[in-house]
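Here's the letter readout for the chains.
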Amino acid sequence: MKTYNFRNESVILIGDTHDLVKTREILKGGNIPQGSDVIHLGDGGIGFDKNQLHKHTLMELDYFSRICAKNNYNLYIIRGNHDSTDDKFWNLNLPGIFFIKNAAHGIFPSFKRAIMIGGGISLDRCKRKKDVDWWEDEKTQEIGKYPDYCEVMFSHDTCEHFNNPTSSLLTAYEFYTKKDSKLMQDSAEQRQVMSDIALSTGVTEIFYGHFHKHLKEQKENVFAQCIAMNELFEYNSTKKYTL
């Protein structure tokens, strides 16, 4: 697992954008201070091109790199379920951009440790086309026994006991659960993997996207916050987050 050193005690989090052009507009919008470390929490639309040449994605990522150079940004892109799993993107070497397909560490100057986790389940996959706007291996990957303690998780999805539990899909997304016989099982397994990672790393803070609406929760000693769609949020590693 790669380890990255954040340059500042704060990072700027970007929620789901579902569109590379929207992401570029946020990066160029003037609301992110120069010299920032920026983390996109997934579902930026990487690889959602209508053709398999992926010219749009590659062009936009090049734009991102130039914006990062101009503003001295370090941009960390975490994979969401609405991002291609093709390694051609996640192995790209572009100045100022760090691609996180599955998992990576981040260390703040104060030595506070973060883990960044990609992946999720597309609830509407039954109406999507495989390897065009849905990928069979989109789920979060298990990382097995985890020896390193971390204090914060930046991720696309979150644990089963935060936000809407898997059981809520039966009513909230009844159309998809009836059309997709494996959706409930796959969703439960996905959320369990996230729970296992949180437990094994010992994180006490979780900041995630995927659910699109701003939400703060606390269960026992763990604080979790959903970053809304297109939202910018400044996370400060020296601050204690609690309800």
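Before reading further, recall that the structure is shown in the block above.
Here the structure is a predicted model, which means the values were calculated and not measured.

Visitor: Tell me about the overall build of the protein chain, and name the residues and values.
Guide: Along the backbone of the protein chain there are six helices and twelve strands. Radius of gyration (C-alpha) of the protein chain: 17 Å, near the 18 Å computed for a compact globule of 243 residues. With the principal axes as the frame, the protein chain shows a C-alpha extent of 50 × 45 × 30 Å. By residue count, 53% of the 243 residues in the protein chain fall in the buried class. Within the protein chain, counting contacts between residues at least 6 apart in sequence, those at least 24 apart form 73% of the total.

Visitor: Pulling in residues and values, what's your account of the pattern of salt bridges?
Guide: On inspection of all chains with the given rule, the structure shows 14 salt bridges. Residues Lys-112 and Glu-205 are paired through a salt bridge, measuring 3.2 Å at the closest nitrogen-oxygen approach. Residue Lys-112 is found in the loop between strand E6 (103-107) and strand E7 (113-117), and its partner Glu-205 is found in strand E9 (residues 205-208); the two are separated by 93 residues along the sequence. The same class applies to Lys-112 as to Glu-205, namely buried. Here Lys-139 makes a salt bridge to Glu-189, at a shortest N to O gap of 3.4 Å. With Lys-139 in the loop between E7 and strand E8 (152-155) and Glu-189 in helix H6 (residues 183-201), the pair connects residues that are 50 residues apart, well separated along the chain. Residue classification places Lys-139 among the partly exposed residues on the basis of a relative accessible area of 26%.

Visitor: Can you tell me about the sheet that holds strand E2 (residues 10-14), naming the residues and giving the values?
Guide: Sheet architecture is open: five strands sit in the order E5-E4-E3-E2-E12, paired in mixed fashion. Looking at which strands have only one partner, the edges of the open sheet turn out to be strand E5 (97-100) and strand E12 (232-236). Averaged over neighbouring strand pairs, the angle between their axes works out to 25° when direction is ignored. Where strand E4 (residues 74-78) and E5 come together, four bridges link them in parallel fashion. Considered in E5, the bridge of Ile-78 is made with Ile-100. This element, helix H2 (residues 55-71), spans E4 and E5 of the sheet and lies at about 130° to E5.

Visitor: Quick one: what's the story with the side chain of Asp-133, residue by residue and with numbers?
Guide: Within the fold, Asp-133 resides in the loop between E7 and E8. Side-chain polar atoms of Asp-133 contact the backbone nitrogen of Lys-129, separated by 2.7 Å. Excluding residues within four positions of it along the chain, Asp-133 makes contact with Phe-48 and Arg-128.

Conventions used here
Residues numbered from 1 in each chain as written. Predicted model: local features only at pLDDT ≥ 70, side-chain atom pairs only at ≥ 80, totals over all residues. Heavy atoms only, no water. Helix = DSSP H or I, 4+ residues; strand = E, 2+ residues; numbered from the N terminus. Rg over C-alpha atoms; globule rule 2.2 N^0.38 Å. Buried < 20%, exposed > 50% of the residue type's maximum accessible area, 1.4 Å probe, protein only. Contact = heavy atoms within 4.5 Å. Salt bridge = Lys/Arg side-chain N within 4 Å of Asp/Glu carboxyl O. Pairing = 2+ DSSP bridges. Axes fitted to C-alpha atoms, helices over the stretch in contact; angles between N-to-C directions. Polar contact = N/O pair within 3.5 Å; in protein donor to acceptor, adjacent residues only side chain to side chain.

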